[in-house]
Amino acid sequence: MSVAVIPPARIGRLSIGALGILALALGTLQSVVEPALPQLQRELGVSPAEGALIGNTLLITGAVVAPVAGKLGDRHGGKRVLVLLMAVVSAGGLLASVAPNLPVLLVGQTLQGVMVGALPLSFILVRKHLSGPASRVAIGLVMALFTGGGMVGTLVAGPLAEGMSWHWMFALPTLVVVVTTSVVARLMPHDPPVRADDRIDWPGVVLLSGTLLVFMLGLVRVTGAGLSPLAAGGVAVAVAALAACWVAVERRAAAPMVDLRMLAKPAMWHSCALTLVVTTSFGMVSFLLPQLFAISADGYGFGLGTTDIGLLLLPGAVAGAVSDSVGGVVARRAGLRAVLVGGAVVTAVTTIALATLHAAAWQLMVAKALTAAAAGVASTALLTRTATAVETRDTGIATSLLVVTRVIGVALGVQIGGAILDAGSDAATGLPTEPAFATGFAVAGAVATLSLLVVRLTKSHTTPSHTRQDHTVHDHTAADHTRRDHTVHDHTPQGHTVQDPPAEPPHEEPRSPGMTTSDGLTTGVRARAKRSVLISGASIAGPALAYWLHRSGFAVTVVEKAGAPRAGGYPIDIRGTAIEVVRRMGILPRLRDAHIDSRRCTFLDADGATVAALSPRAVDGGVAGRDLEVRRGDLAAALHEVVRDDVEFLFDDSVDTFVQSGHGVDVTFRGGGHRTFDLVIGADGMHSYTRESLFGPEGRFHRHLGYCFALFTMPNTFGLSHELVLWNTPGRAAALYAVGDDDELHAFLTFHRPEPPLGAFRNPDAQRDLVAAAFADAGWEVPRLVDALRDADDLFFDTAGQIRMPRWSQGRVALVGDAAYAPSFLTGQGSSLALAGAYVLADSLATHREHTAAFAAYEHGLREFVAMNQALVDNGGATLFPTTARALEQRDTMLRGLVTLPAATARPAHSALTLPAFTPPLLGDTV
């Protein structure tokens, strides 16, 4: 059998350059209004409050379009939708460039607002037509140029508006948009839709858009003193009615634009509330500073033109762009609360100081930079927090809602600033007075100070206080933890509600007269206490264990060093006993839908000729129609989704140290938090930090199986679909795995090595050199795989090995999954053992009162099953990867015989464990 080489449609530097220039032009077109706003107000004869709407209209339209653009691109193709959106943007830019008055200009700004949708559509295009490393570079280029366009717009608005006319500051960027769009349409290959059945919630889109637009139009009229109290009330009623209709539509929609259950999560609405307050204060400063630069009356102001204003605002634009890029990193290192409090303090101090210190241009320039940096770091930190607090598939819409909130906050601040200047205008000249500016800065400071109260209220909402008497109830948040003897722990995670135990627990202990809750009711100490468990690791074993422990009444926290559940990934098997585990969890139907269903496994000899082509089930011991093969990310997502609403997840963090005592385990997190848990479980993989901290170096327990391997992705230029191609020579193998019809392949290079290459584990370049040397003289397409390995940015290198330990627990800490008994990828049983082990451990903890007895039962019930699966492979003896010419010939002979034989039966080790019926929780048990 020969493998046809069918190169996919590719894009070159010209296509990427055209997308980048388009992003630059769009960023410029978006930002020209801010420095030119005073000139626009003068020439159009509008008040500051009305002028504020010019920029806000574009922002509101963009915020509404952003979450829809990606769905449209997936359904109809990114190129097609991008060209249509750019046609709308071009029409809006041309209309704005000839606008004779404010209403026409606002229509043009409304049409231009759809430009925000160009970003996700550009990302779709480069992702479809480039390999992983190249697409990431291209996405970074497009994003950087869009941000750079904002700086260009700030600089060129003045020369264009003053040297020619303000019409040209819209016309020239629009012409660049038209030209680059035509170049993109010509050079960019067509991209097929990937989710043609993904319905768009058009009623939800229309109602949300209408709600936002009516809100903003009403706001400008109210703040501009253009509406009577009765009319203002009518606007409020209209906004409320539209919002209520939107909620009703979203609740009934089969595929809602926004999942209202997600919106109701504390982490979500807390972030929205804080973002609104932070950006409102910044919006006021962004509006007031250009106005003060432009005005010159009665000894205050500067009387500057648009060009000079743009230059003075440029440091603030740079500070905002930089702070946007580092907000997530700063929040990770300092903590979200510290970032929010720090940003509020900086903004409040700066704006309150501006109320009296605004006589020099440098004071305003520094104030703009400080407030932009503070707002950028705080709002980006909240955006990052939200992205990691929701399900992976909800990340786009959740972050879009934060973008909408951010836009509303800025727009609200701009309108409030305009209203304050209008109210403080001099009756004779019509110009704002100096006290009006001072009032505006003071109000901005008050709003920034208000954000401190919002931070406090959102924390208090999720951190109930308890009256401490003879026994102290602890709320173990990362910010406030006190260690005392004889304590009862109420581990309610911050921002998350854990279900209360049943009203009549089966093992309730006598009530303690010395225990009083915050509502004044006396209750039993042990009857109300939940045993708290920290699980380190959120891949497979971690969330599976969290699910069953929550079912048993435990308060569970899962910490994971990654920023979110990991998507994608190589295929893994779920077989035998593990199938019953996922069935009992209720996720079996979802996993069957995600089943890869590989149709063919082709074995090649050294020259690339076909040795045998047969069903994968014939060689891996799986049972067709029962056992599953899914992407690792699909299993991780299913596990996370089924438990995410019931346990606390701490992403982007990890355990630093833990200290055991008779009362619990004191844990210090790398992010700076300190908490105490009754038990800690290490589910952190084969190279477990928990195991190393508890039992010592990995080398004591690692059993090298004689192979090294490298995993990475590369473009599918081989025309492969739902199949595996495996090339072998003695001691070496190269595999290409197409899990579907994707444009990427999972590539796999493995070679025999009696001793592990310890010096290469922390050096990616050394790993690449080691693999390249091992395959230096290989035939077939292996040189292309080695070249792809050199460029891969998702390389995973390791040795095939097992973890074999005499015991899996010590004190209050235990291990599960690969951390305790990794069987190696050669067995294909890693994920199945993790699922089964999590079930047995949770059942043991639910059944036994003492953790020592529970851990002993866990090992007794699981160890024989683990041993049987680890015995499926021996050092250098993996059937698919023979190390000698004789062994390879014997394997090939066996494979040729399998072609004519019936499908293989399941291996006994896969189903050797009979799961116990899950035991009801023993609430109030001692630990």
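## Examining helix α30 (residues 885–898)
An ideal rise of 1.5 Å per residue puts 20 Å on 14 residues; α30 measures up with 20 Å between its terminal C-alpha atoms. Among the residues of α30, Leu-888, Arg-891, Asp-892, Leu-895 and Leu-898 are the ones counted as buried. Buried residues of α30, seen end-on, are gathered within an arc of 115° and therefore sit on one face of the element.

## Let's talk about the confidence of the model for the protein
Within the protein, residue pLDDT values average 75, and 72% of them lie at 70 or more. Contacts of residues 194–198 to residues separated by more than four positions or lying in other chains number 7 contacts, the stretch itself having pLDDT below 50. Note that pLDDT drops below 50 for residues 920–927; the model gives that stretch 32 contacts with residues more than four away or on any other chain.

## Focus on the sheet that holds strand β14 (residues 674–677)
Strand order in the open sheet formed by 3 strands is β12-β13-β14, and the pairing between neighbours is antiparallel. Among the strands making up the open sheet, the edge pair consists of β12 (655–660) and β14. The sheet shows a mean angle of 25° between the axes of neighbouring strands, direction not considered. One ladder, built from 4 bridges, connects strand β13 (residues 665–669) with β14; its direction is antiparallel. Along β14, the bridge assignment pairs Val-665 with Phe-677.

## Side note on the nonpolar core
In terms of nonpolar packing, the biggest core is built from 79 residues, with Ile-535 and Ile-574 touching the most fellow members. Per element, the largest residue contribution to this core is 10 residues, and it comes from helix α28 (residues 830–847). When sequence neighbours within four positions are dropped, the list of residues in contact with Ile-535 reads Gly-542, Leu-545, Ala-546, Leu-549, Val-556, Thr-557, Val-558, Val-559, Ile-681 and Ala-683. Core analysis: the second largest hydrophobic core is formed by 78 residues, Val-46, Ala-69, Leu-274 and Phe-437 among them.

## Details of the pattern of salt bridges
Under the criterion given, the structure shown has 14 salt bridges. The partner of Arg-590 in a salt bridge is Glu-641, and the shortest N-O contact between them spans 2.4 Å. Of this pair, Arg-590 sits in helix α21 (residues 588–594) while Glu-641 sits in helix α23 (residues 632–643), and the two are 51 residues apart along the sequence. With a shortest N-O distance of 3.4 Å, Glu-698 and Arg-691 are connected by a salt bridge. Since its relative accessible area comes to 22%, Glu-698 is described here as partly exposed. On the basis of relative accessibility, which here comes to 0%, the residue Arg-691 falls in the buried class. Each of Glu-580, Arg-583 and Arg-584 takes part in one network of salt bridges that share partners.

Quick notes on the rules
- Residues numbered from 1 in each chain as written.
- Predicted model: local features only at pLDDT ≥ 70, side-chain atom pairs only at ≥ 80, totals over all residues.
- Heavy atoms only, no water.
- Helix = DSSP H or I, 4+ residues; strand = E, 2+ residues; numbered from the N terminus.
- Expected span 1.5 Å × (residues − 1).
- Buried < 20%, exposed > 50% of the residue type's maximum accessible area, 1.4 Å probe, protein only.
- Arc of directions from axis to C-beta.
- pLDDT = per-residue confidence, 0-100.
- Contact = heavy atoms within 4.5 Å.
- Pairing = 2+ DSSP bridges.
- Axes fitted to C-alpha atoms, helices over the stretch in contact; angles between N-to-C directions.
- Core = buried A, V, L, I, M, F, W, Y, C linked by side-chain atoms within 4.5 Å.
- Salt bridge = Lys/Arg side-chain N within 4 Å of Asp/Glu carboxyl O.

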